[in-house]
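Chain and residue survey
Each chain, written out:
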Amino acid sequence: MEEVVIMRVFVTGASGWIGSAVVPELLAAGHGVVGLARSDASAEALAKAGAEVVRGTLDDLGTLRDAAAASEGVLHLAFKHDVAFSGGFAEAAGADRAAVEAMAGALAGTGRPFVLASGLLGLTRGRVGTERDFPERSGSPMHGRVETARRVVDLAETGVRTSVLRLPPTVHGAGDYGFIAAYVAASRAAGRAGFVGDARWPAVHRSDAARLFVLALENAPAGSVLHAVQDEGVPFREIAEAVGKGLDLPVAELSQEEADAAYTWLGPIIATDSAASSDLTRALLSWEPTGPGLLDDLASGCYFG
Ligand SMILES: NC(=O)c1ccc[n+]([C@@H]2O[C@H](COP(=O)([O-])OP(=O)(O)OC[C@H]3O[C@@H](n4cnc5c(N)ncnc54)[C@H](OP(=O)(O)O)[C@@H]3O)[C@@H](O)[C@H]2O)c1
């Protein structure tokens, strides 16, 4: 077994859905955590979890640079979702890119790890994507994040042990307020649970994703791409059926126009076929997901309280 080096880790997004599961994993593994907090509430939550706090936002590039330079590794999970999902995706992606350049730049030549949280949505529509795939270039504002992920892979050449950890569109579990929670709320409002065609979504439980972030920090080779995937591709039809059952609503196949009307910004997302595997990641880092699958979590009722 490889010996694990104990690190003082700077974590952005440490107060978020995934970050708040990553922090206890890091602490349990013996690492120290310094979390970025942009509000009093986030600072309090981080201190309560046992982390040191650096106050600042993703736009405070000097703060990010200093905190990264003072660390022995960086996990970057913050993203301006509030800006991105109110029409400002390109702006959020631009701020993310600047933050990445600042933090990874501070680590140049050190060999220290920098792990970027990224996404799998739409990786290879129509076939199961692997860690070796990158989405084709497109004019979509969402593509800005793909370009940042490519850049992080390339930054391995600057002497940073970079890795890109791609997350499925649902990192699920009790307390989730992400896409599945939004889908449940919109289905309730629409009076039916809709799906579009044969779209499939990969999925992972939050606890397994959190464990993979720690393994990536500790052991991922420079320039690696990792997939936090447990379920390779759950047919969205089955997600709709589980939600229909949980809410006692009918299930309906929708045209894209009907989905956009019922689910607004989520309409194109639920229609995006995104199946992906994690065989290479499992072999590389001895990561074996153990949490409940997405359909098990939906059947447990935790999304319908
Ligand atoms: N959850 C998923 O299913 C999923 C799927 C694919 C990819 N991802 C990616 O995984 C990462 C973590 O996602 P998540 O679900 O944990 O997100 P989340 O719950 O929305 O948390 C976002 C984190 O970013 C922080 N943040 C947002 N804007 C900021 C700003 N301007 N300055 C400083 N911090 C800011 C938030 O701080 P506050 O606590 O103060 O708000 C929070 O800690 C993100 O990159 C996300 O896009 C998530």
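Above this text sits the structure in question.
Read on for a plain summary of the structure. Keep in mind it's a predicted model, so treat the numbers as computed, not measured.

Considerations on the site of the ligand
Around the ligand sit 24 residues in total, of which Ser15, Ser42, His81, Arg145 and Tyr177 are the nearest. A distance of 2.7 Å is found between an oxygen atom of the ligand and a side-chain nitrogen or oxygen belonging to His81. With respect to the ligand, the side chain of Arg145 contributes an N or O atom lying 2.7 Å from an oxygen atom. Contact with the protein chains covers 86% of the free accessible surface of the ligand, which is 900 Å². Elements with a contribution of two residues or more to the shell around the ligand: β5 (113-119) and β7 (170-172).

Here's the deal with the nonpolar core
Ranked by internal contacts, the top residues of the largest apolar core, which has 36 residues, are Leu26, Leu75, Leu165, Leu167 and Phe213. When contributions to this core are tallied by element, the ones reaching two or more residues are β1 (8-12), α1 (19-28), β2 (32-37), α2 (40-49), β5, β6 (161-167) and α7 (206-219). Per element, the largest residue contribution to this core is eight residues, and it comes from α7. Discounting residues that sit within four places of it in the chain, Leu167 has contacts with Ile18, Ala117, Ser118, Gly119, Leu120, Ala209, Phe213 and Ala228.

Description of the sheet that holds strand β3 (residues 52-55)
As summarised here, the arrangement of the seven strands in space is β3-β2-β1-β4-β5-β6-β10, forming an open sheet in which the pairing is parallel. In this open sheet, the two strands that pair with only one neighbour each are β3 and β10 (224-227). Averaged over all pairs of adjacent strands, the angle between their axes in this sheet comes to 20 degrees, without regard to strand direction. Of the strand pairs in this sheet, β1 and β2 are connected by four bridges, and their pairing is parallel. Note that in β2 the partner of Phe10 across the bridge is Val34. Set on the sheet, α7 makes contact with β1, β4 (73-76), β5, β6 and β10; between it and β6 the angle comes to about 165 degrees.

Quick word on the side chain of His205
Looking at the secondary structure, you find His205 in strand β9 (residues 200-205). At 2.7 Å, the side chain of His205 forms a polar contact with the side chain of Ser207.

Description of the sheet that holds β9
Where strands meet in a sheet, backbone hydrogen bonds hold them as pairs that are either parallel or antiparallel. Across the sheet, three strands lie side by side as β7-β9-β11; this open sheet has mixed pairing. For this open sheet the edge positions go to β7 and β11 (231-235), each flanked by a neighbour on one side alone. On average, each strand axis in the sheet is tilted by 40 degrees relative to the strand beside it, whichever way the strands run. Both β9 and β11 contribute to a ladder of three bridges, which runs antiparallel. When the bridges of β11 are listed, Arg200 appears paired with Pro235.

Analysis parameters
- Residues numbered from 1 in each chain as written.
- Predicted model: local features only at pLDDT ≥ 70, side-chain atom pairs only at ≥ 80, totals over all residues.
- Heavy atoms only, no water.
- Near = heavy atom within 4 Å.
- Polar contact = N/O pair within 3.5 Å; in protein donor to acceptor, adjacent residues only side chain to side chain.
- Areas by Shrake-Rupley, 256 points an atom, 1.4 Å probe, with all protein chains shown as cover.
- Helix = DSSP H or I, 4+ residues; strand = E, 2+ residues; numbered from the N terminus.
- Core = buried A, V, L, I, M, F, W, Y, C linked by side-chain atoms within 4.5 Å.
- Buried < 20%, exposed > 50% of the residue type's maximum accessible area, 1.4 Å probe, protein only.
- Contact = heavy atoms within 4.5 Å.
- Pairing = 2+ DSSP bridges.
- Axes fitted to C-alpha atoms, helices over the stretch in contact; angles between N-to-C directions.

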